[in-house]
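The chain contents come next:
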Protein chains: 2
Amino acid sequence: MAYTKRTEFSEDEMQLADIAKALSHPARIAILKVLSDGQCICGDIVDRLPLAQSTVSQHLKELKSAGLIKGEIDGPRVCYCLNEPVIGKARKHFNFLFTSFNCC
Amino acid sequence: MAYTKRTEFSEDEMQLADIAKALSHPARIAILKVLSDGQCICGDIVDRLPLAQSTVSQHLKELKSAGLIKGEIDGPRVCYCLNEPVIGKARKHFNFLFTSFNCC
DNA sequence: ATTGTATATCGCAAAAATACGATTAAAGGT
DNA sequence: ACCTTTAATCGTATTTTTGCGATATACAAT
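To keep things clear, this report deals only with the structure shown in the data block. (Residues numbered from 1 in each chain as written. Chains lettered and ligands numbered in written order. Predicted model: local features only at pLDDT ≥ 70, side-chain atom pairs only at ≥ 80, totals over all residues.)

## Remarks on the overall build of chain A
Regarding its fold elements, chain A presents five helices and three strands. Going residue by residue from the N terminus, the α and β elements of chain A occur as α-α-β-α-α-β-β-α. Across its three principal axes, chain A shows a C-alpha extent of roughly 50 × 35 × 25 Å. Each of the 104 residues in chain A was classed as buried or not, and the buried ones make up 32%. For chain A, the proportion of contacts with a sequence separation of at least 24, taken over those separated by at least 6, is 54%. (Helix = DSSP H or I, 4+ residues; strand = E, 2+ residues; numbered from the N terminus. Buried ≥ 20, exposed ≤ 12 C-beta atoms within 10 Å, placed from the backbone. Contact = placed C-beta atoms within 7 Å.)

## Considerations on the pairing of strand 2 (residues 69–74) of chain B
The sheet contact formed by strand 2 of chain B and strand 3 (residues 77–82) of chain B spans six bridges and is antiparallel. Of the residues in strand 3 of chain B, the one forming a bridge with B:I73 is B:V78. (Pairing = 2+ DSSP bridges.)

## Observations regarding the relation of the copies chain B and chain A
Aligned on chain A, chain B shows an RMSD of 0.0 Å; the corresponding rotation is 180 degrees and the shift along the axis is 0.0 Å. On this basis, the relationship between the two copies can be described by a two-fold rotation axis. Considering only C-alpha atoms, the part of chain B nearest the rotation axis is B:A20, at 2.4 Å. The overlap is high: 100% of the interface residues of chain B also sit at the interface in chain A, so the same surface is used on both sides. (Least-squares fit on C-alpha atoms with pLDDT ≥ 70 in both.)

Here it is in structure tokens:
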């Protein structure tokens, strides 16, 4: 049986939900904040979060697959940074949604 | 063992994550959109979504506990509407987060 | 009082998310 | 060649979310 009916909704609704999902864990918000101070390597992020390296790596993967961040290999390290165009698009998307709401 | 380390993050990060979580399912986005056309009763929302009544009720509960909507009992029905102040606060919160991001 | 309508809650099953330790892979330095 | 460092992936445990049918509740109408 289908246990995710996500696909039964509009493209737009799913896109917004996907961005929201990427932001739905405080660790991922925290990661974005760290990166907003400037690009840095994975290890620095791990040091700043109260989570194990493997867990942080997983959160980074989710942010990356949502397109909110980019990772660039730099020798043995990986340098992460915000993906501005997508961030900007997300901002507009949310803003549009919220401002389209009129109350009762 | 602790399987939710949410509490180890800042108040601000958790608040934002909670709003995002409320928006992280297309059904809940769809519900908000329905309500943005004006207040309506639970049954109307159920009719507009591809989900069972009990499932919609659960999504409504989550939106309500996030403060994004209000439900008012009206005889045998419940009339739902957007909770404008909280929506506005959410909008500002997200906008602030996104605009605070500077890219690498 | 009985019936019907509307919605919430309960109980359950399946799926997805969270978290971590251990392992692997990839690169640099010695 | 060997070791160290860095980060991703794997395997696994636990928790949370999603979804539905069935039931309960609350109110209205007859």
